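Survey of secondary and tertiary structure
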Amino acid sequence: TIKLWDSTRCEEIAKLIEHTGMINSVRFHPDGSCLASGATDKTIKIWDARSQRLLQHYDAHTKSVNSINFHPTGNFLISTSQDATVKIWDLRQGS
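This write-up is about the structure you can find in this document. (Residues numbered from 1 in each chain as written. Predicted model: local features only at pLDDT ≥ 70, side-chain atom pairs only at ≥ 80, totals over all residues. Heavy atoms only, no water.)

1. Here we look at the overall build of the protein chain
A tally of helices and strands in the protein chain yields zero helices and nine strands. Order of helices (α) and strands (β) in the protein chain, N terminus to C terminus: β-β-β-β-β-β-β-β-β. Its C-alpha atoms give the protein chain a radius of gyration of 13 Å, near enough to 12 Å, the size a compact globule of 95 residues would have. With the principal axes as the frame, the protein chain shows a C-alpha extent of 40 × 30 × 20 Å. Taken across its 95 residues, the protein chain has 38% of its residues classed as buried. When contacts within the protein chain are restricted to residue pairs at least 6 apart in sequence, long-range pairs at least 24 apart make up 28% of them. (Helix = DSSP H or I, 4+ residues; strand = E, 2+ residues; numbered from the N terminus. Rg over C-alpha atoms; globule rule 2.2 N^0.38 Å. Buried < 20%, exposed > 50% of the residue type's maximum accessible area, 1.4 Å probe, protein only. Contact = heavy atoms within 4.5 Å.)

2. Description of the nonpolar core
If you look at the biggest cluster of nonpolar residues, it comprises 12 residues: Cys34, Ala36, Ile44, Ile46, Tyr58, Ala60, Val65, Ile68, Phe70, Leu77, Trp89 and Leu91. Only β4 (34-39), β5 (43-48) and β7 (65-70) provide two or more residues apiece to this core. Take this core: its biggest share by element is three residues, from β7. (Core = buried A, V, L, I, M, F, W, Y, C linked by side-chain atoms within 4.5 Å.)

3. Thoughts on the side chain of histidine 61
Following the sequence through the fold, histidine 61 ends up in the loop between β6 (54-59) and β7. A polar atom in the side chain of histidine 61 sits 2.8 Å from the side chain of serine 79. Within the local environment of histidine 61, its side chain forms a polar contact with the side chain of threonine 85, the two groups lying 2.9 Å apart. Look past the residues within four positions of histidine 61 in its chain and what remains in contact with it is Lys42, Ser79, Thr80, Ser81, Asp83, Thr85 and Lys87. (Polar contact = N/O pair within 3.5 Å; in protein donor to acceptor, adjacent residues only side chain to side chain.)

4. Section: unusual backbone geometry
With the exception of glycine, the majority of residues adopt a negative phi angle, and the majority of peptide bonds are in the trans configuration. One non-glycine residue, cysteine 10, lies in positive phi territory at about 55°. Checked against the element boundaries, cysteine 10 lands in the loop between β1 (2-6) and β2 (11-16). For cysteine 10, a relative accessible area of 62% translates into the label exposed.

5. Comments concerning the sheet that holds β6
Taken together, four strands build an open sheet; the order of strands is β3-β4-β5-β6 and the sheet is antiparallel. Of all the strands in the sheet, the pair left with one neighbour each is β3 (23-28) and β6. Sheet twist, expressed as the mean angle between neighbouring strand axes with direction ignored, is 15°. Pairing of β3 with β4, which is carried by five bridges, proceeds in the antiparallel orientation. Counterpart to isoleucine 23 in the pairing with β4 is alanine 39. (Pairing = 2+ DSSP bridges. Axes fitted to C-alpha atoms, helices over the stretch in contact; angles between N-to-C directions.)

Here it is as structure tokens:
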């Protein structure tokens, strides 16, 4: 579960609960519009930061997703996995 907090009011504002495994990495898009998460369920999910709606789901790797990060342009997401691969996802194409 990913929990989003309002730091000024010190309160939880949302829970994102689509992953079925432990979440290993969460990153905000460079423009703050969305966030990505990678988990032990081998998937990557992209969420709308305002609505908390799931935007994209990737069956990303054959083993746990260790880490994710957005390219500074925001057009690509890079993921690493325990399956010994690094993948680059073109977010403009949804793949």
